[in-house]
2 protein chains.
Amino acid sequence: MKSRKTFRTDYRISASSADEAKDIAESLCIEQSVEIPLDALPESAAGFLGRLSGLEPCGEQQWEAAIDYSTESVSGDPVQFLNVLYGNCSLYPGICVTGVDSVYLNTLLQGPSFGIKAIRTALSVPRRALSCTALKPIGLSPDELAERAFRFTKGGIDIIKDDHGLTSQASAPFRQRVTACVEAVRKGEQFSGKRTLYFPNITTSALTIGARFEEAAELGADGVMICPQLTGLETMHALARKKLLPVMAHPSFSGAYVLHPDHGFSPAFYYGTLWRAFGADMIIYPNAGGRFSFDAAFCKELNRRCREELEDFKPSFPSPGGGIDRTTVSRWLAEYGNETLFLIGGSLYQHPGGEEKAAIEFQQELEKNEQ
Amino acid sequence: MKSRKTFRTDYRISASSADEAKDIAESLCIEQSVEIPLDALPESAAGFLGRLSGLEPCGEQQWEAAIDYSTESVSGDPVQFLNVLYGNCSLYPGICVTGVDSVYLNTLLQGPSFGIKAIRTALSVPRRALSCTALKPIGLSPDELAERAFRFTKGGIDIIKDDHGLTSQASAPFRQRVTACVEAVRKGEQFSGKRTLYFPNITTSALTIGARFEEAAELGADGVMICPQLTGLETMHALARKKLLPVMAHPSFSGAYVLHPDHGFSPAFYYGTLWRAFGADMIIYPNAGGRFSFDAAFCKELNRRCREELEDFKPSFPSPGGGIDRTTVSRWLAEYGNETLFLIGGSLYQHPGGEEKAAIEFQQELEKNEQ
């Protein structure tokens, strides 16, 4: 086990001058550690003070600051890690977290339990990009949702996940929905002759999500989906550590952390590194050109981060979604390559030939590009 | 029990024209409910579609949109409520949540279990404003922290809370810290002749925080502190429902939701209404003029919201903090009035006469202004 006494965190600071940037960086060192004026800091706690180890200009009125925090201030608690990283300074304007010492991340967090390789093995698809769709909309009955799952499976789709708004509504209670959809997917596989994985959404109270995770496994689901920013990132990590089923992470409620360029987290670090470290086997992100607002360069970097070599972390499947049109798959394949799980929802449902036909064409597009 | 079929949510939308605002509002209706193109929406799910019930200009290039969502889409799950409120649309620029139908909030969420009155009763302080300080810094031993708690208690302070960075570090493990501090506070009360309440910070993994909450109660703590944005808001709500001890909410990791005026939540609604509805008996917010960046008008409105009459919710104690100077208490008293819990940390530790003297003066300032 590697160990360090401090870990480095990188912040991008917006300021009007180098002096101001230095003042802000020095404030961060205090705010995120001892949180007490230096003239009142007792000698015995001085080792816990954050230390500014680098400050360089990195753009117009922007500086990159490296701050070293004591690992003892975290003491192995991933929730406290987030607090040290971005707790109080989330209330400062102009502070963006861009990175954390990966060796330290790897001692604190386990990363994906399954990763790209295990998912490819489960599907017997060694090389090509994967297809994914969302069961929707909310309001349908378990049988209606299962019928859709059946048609997608018959068309050979790789992964079907619940829409993130499906929880355990009266219209489709969790147990009935998962039971019906697992059955429908297994039935559909008889027609397609290939595997399709079904991932129900288990997002709910952190105090009961563990039971729902186990219920999903018991009912035969092949993985689960979680919205980690709704449940708390650490809840996803704690569940992933059970190594029960692969975990797909959905970005609901997370936009506030990544949308403002001067504040929050850089999207590539947040989704591509942090969510991976917190145990996401698959990471859904809002693709460029869809309903959301990330640009293509950002998305490419985010996609790369999910898969890059990073200490002992398994790679996560990057999963662009949020409004990809089914006719543009080859364009995005050229952009991201085969190590990507394409999530297309609405556009498949709009296919005039129905879900099965839509899935067949989606698969053909991916197979065509298999190297 | 009141019941509704839909609940109203208010969004402030930034757009360049009324037409664009309407387009965005109509997108929200879909995005936050059925999340499927309307031409692919099955008849049986149409009742779940959000409905735009109002759109009015409310400032330069800003519109206030009211959207009605089906209560069945939430089905009583507070996590799913947050998803409907601000899940995917957190990834849209220019969307700010400003309010939710309070009758509905009151059917879904219980609010504070104790509220202002119970805290006043515990302290036997019926009218004046209350004082609070933070035990700090991280790095001190349980005995060193307890010694500080003793001196503050001797000086008659009302509430002592842990610094939010104190979790269960090796330097001060939870059990030893709470045991030592409870003992120190009870001893200090013998000198002051009045009650002082001690609130340890229980923020940790949502999967184990329940046990830490019970441990705090078992060890004799008078309340607890939680950072709800780190644990998930619903975790705070689930714990508050146990009615075990009062809950103080700390804004760590929440800044991204409230700092940008065009995006996220309006701070007054987020802290003053939503956190109250999610069970916070006391709500710490970053005060104007301190280390953070809210202005005085915002803070006053936020303070008012915590205490306003709101259905059957008990009022929460608004607790301004984050850099209040001990010499400015009377100014903030004039601003907020007596129904406020003033949190002063660093400035008390800087008092040349030590913590006891600092607490005595803090109390005198509050008593002077008792009406």
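Everything below is about the structure printed above this text.
The structure contained in this document is the topic of the report that follows. Computed from a prediction, not measured in an experiment: that's the story for all the values here.

1. A few points about the interface of chain B and chain A
1) Next: Listed per partner, the contact involves 77 residues of chain B and 77 residues of chain A.
2) Next: Carbon and sulfur atoms make up 61% of the surface buried where chain B meets chain A, a total of about 6300 Å² over both sides.
3) Next: Where A:K136 meets B:E35, a salt bridge forms, and the shortest distance between an N and an O atom there is 3.8 Å.
4) Next: Counting the contacts that link chain B with chain A gives 35 residue pairs in polar contact (both at pLDDT 80 or more).
5) Next: The set of elements that each furnish at least two residues to the side of chain B that touches chain A consists of α2 (78–86), α5 (142–154), α8 (228–231), α9 (233–240), α10 (255–258) and α14 (346–349) of chain B.
6) Next: Looking at which element gives the most residues to the side of chain B that touches chain A, the answer is α2(B), with five residues.
7) Next: Partitioning the side of chain B that touches chain A into residue classes produces 35 nonpolar, 31 polar and 11 charged.

2. Some remarks on the environment of B:S205
1) Next: Relative to the assigned elements, B:S205 resides in the loop between β7 (197–199) and α7 (209–218).
2) Next: Setting aside its immediate chain neighbours within four residues, B:S205 contacts A:D77, A:V79 and A:E234.
3) Next: A polar atom in the side chain of B:S205 sits 2.7 Å from the side chain of A:E234.

3. Some thoughts on the packing of helix α9 (residues 233–240) of chain A against helix α11 (residues 267–277) of chain A
Residues and elements named next belong to chain A.
1) Next: Close contact between α9 and α11 brings their axes to 9 Å; oriented N to C, the two are set at 50°. If you check the angle between α9 and α11, you find them oblique. In this structure, α9 uses L233, M236 and H237 to contact α11, whose residues at the interface are Y270, L274, W275 and A277.

4. So, the pattern of salt bridges
All names here are of chain B.
1) Next: Tallying each qualifying case throughout the model produces 46 salt bridges over all chains.
2) Next: The partner of D222 in a salt bridge is R186, and the shortest N-O contact between them spans 2.9 Å. Separated by 36 residues along the polypeptide, D222 in the loop between α7 and β8 (224–226) and R186 in helix α6 (residues 174–192) bring together distant segments of the chain.
3) Next: D222 gets classed as buried once you look at its relative accessible area, which sits at 13%.
4) Next: Relative accessible area serves as the criterion here: at 25%, R186 is assigned to the partly exposed category.

5. What about the relation of the copies chain B and chain A?
1) Next: Mapping chain B onto chain A calls for a screw motion: a turn of 180° about the axis and a shift of 0.0 Å along it, with 0.0 Å RMSD after fitting. Put plainly, the chains are arranged around a two-fold axis.
2) Next: Looking at chain B, 100% of its interface residues are interface residues in chain A too, so the copies touch through the same face.

6. Observations regarding unusual backbone geometry
1) Next: Look at the link from A:K136 to A:P137: it is a cis peptide, with omega at -5°.
2) Next: You can see A:P137 is positioned in the loop between β5 (130–135) and α5 (142–154).
3) Next: Its identity is not glycine, yet A:F253 carries a phi of approximately 70°, on the positive side.
4) Next: The exposure class of A:F253 is buried, given its relative accessible area of 1%.
5) Next: If you check the backbone angles, B:E311 has positive phi at about 50° while not being a glycine.
6) Next: Overall, B:E311 belongs to the partly exposed group, its relative accessible area being 32%.

7. Some words on the sheet that holds strand β9 (residues 247–249) of chain A
Residue and element names in this part refer to chain A.
1) Next: Read across the sheet, four strands follow the order β8-β9-β11-β12 without closing on themselves; strand pairing throughout is parallel. Strands with a single pairing partner mark the edges of an open sheet, and in this sheet they are β8 (224–226) and β12 (317–321). Adjacent strand axes in the sheet meet at a mean angle of 25°, parallel and antiparallel pairs treated alike.
2) Next: Summarising the sheet, strand β11 (residues 282–286) and β12 pair through five bridges and their orientation is parallel. Opposite M282, over in β12, you have F317 as the bridge partner.
3) Next: Contacts between helix α12 (residues 296–307) and the sheet are confined to β11 and β12, with β11 contributing the most and set at about 175° to the helix.

8. Overview of helix α11 (residues 267–277) of chain B
1) Next: For α11(B), the tally of buried residues reaches 11 of 11 residues, placing the bulk of the element in the interior.
2) Next: Backbone geometry just after α11(B) places B:G279 at a positive phi near 100°.

9. Some points on the sheet that holds strand β1 (residues 6–14) of chain B
All names here are of chain B.
1) Next: Reading across the sheet, the five strands line up as β2-β3-β1-β4-β10 and stay open at both edges, with mixed pairing between neighbours. The sheet is open, and its two borders are formed by β2 (51–59) and β10 (264–265), each paired with just one other strand.
2) Next: Pairing between β1 and strand β3 (residues 62–70): nine bridges, direction antiparallel. Residue D10 lies in a different strand from β3, and its bridge partner there is A66.

10. A closer look at the pairing of strand β3 (residues 62–70) of chain A
Residues and elements named next belong to chain A.
1) Next: Burial within β3 is extensive, with eight of its nine residues counted as buried.
2) Next: The sheet contact formed by strand β2 (residues 51–59) and β3 spans seven bridges and is antiparallel. Pairing of L55 across the sheet is with A65, part of β3.
3) Next: Counted between consecutive antiparallel strands, the loop separating β2 from β3 contains two residues, among which Q61 sits at a positive phi close to 55°.

Parameters at a glance
Residues numbered from 1 in each chain as written. Chains lettered and ligands numbered in written order. Predicted model: local features only at pLDDT ≥ 70, side-chain atom pairs only at ≥ 80, totals over all residues. Heavy atoms only, no water. Contact = heavy atoms within 4.5 Å. Buried area = accessible area lost by both parts, 1.4 Å probe. Salt bridge = Lys/Arg side-chain N within 4 Å of Asp/Glu carboxyl O. Polar contact = N/O pair within 3.5 Å; in protein donor to acceptor, adjacent residues only side chain to side chain. Helix = DSSP H or I, 4+ residues; strand = E, 2+ residues; numbered from the N terminus. Nonpolar A, V, L, I, M, F, W, Y, C, P; charged D, E, K, R; others polar. Axes fitted to C-alpha atoms, helices over the stretch in contact; angles between N-to-C directions. Parallel < 35°, antiparallel > 145°, perpendicular 65-115°, else oblique. Buried < 20%, exposed > 50% of the residue type's maximum accessible area, 1.4 Å probe, protein only. Least-squares fit on C-alpha atoms with pLDDT ≥ 70 in both. Pairing = 2+ DSSP bridges.

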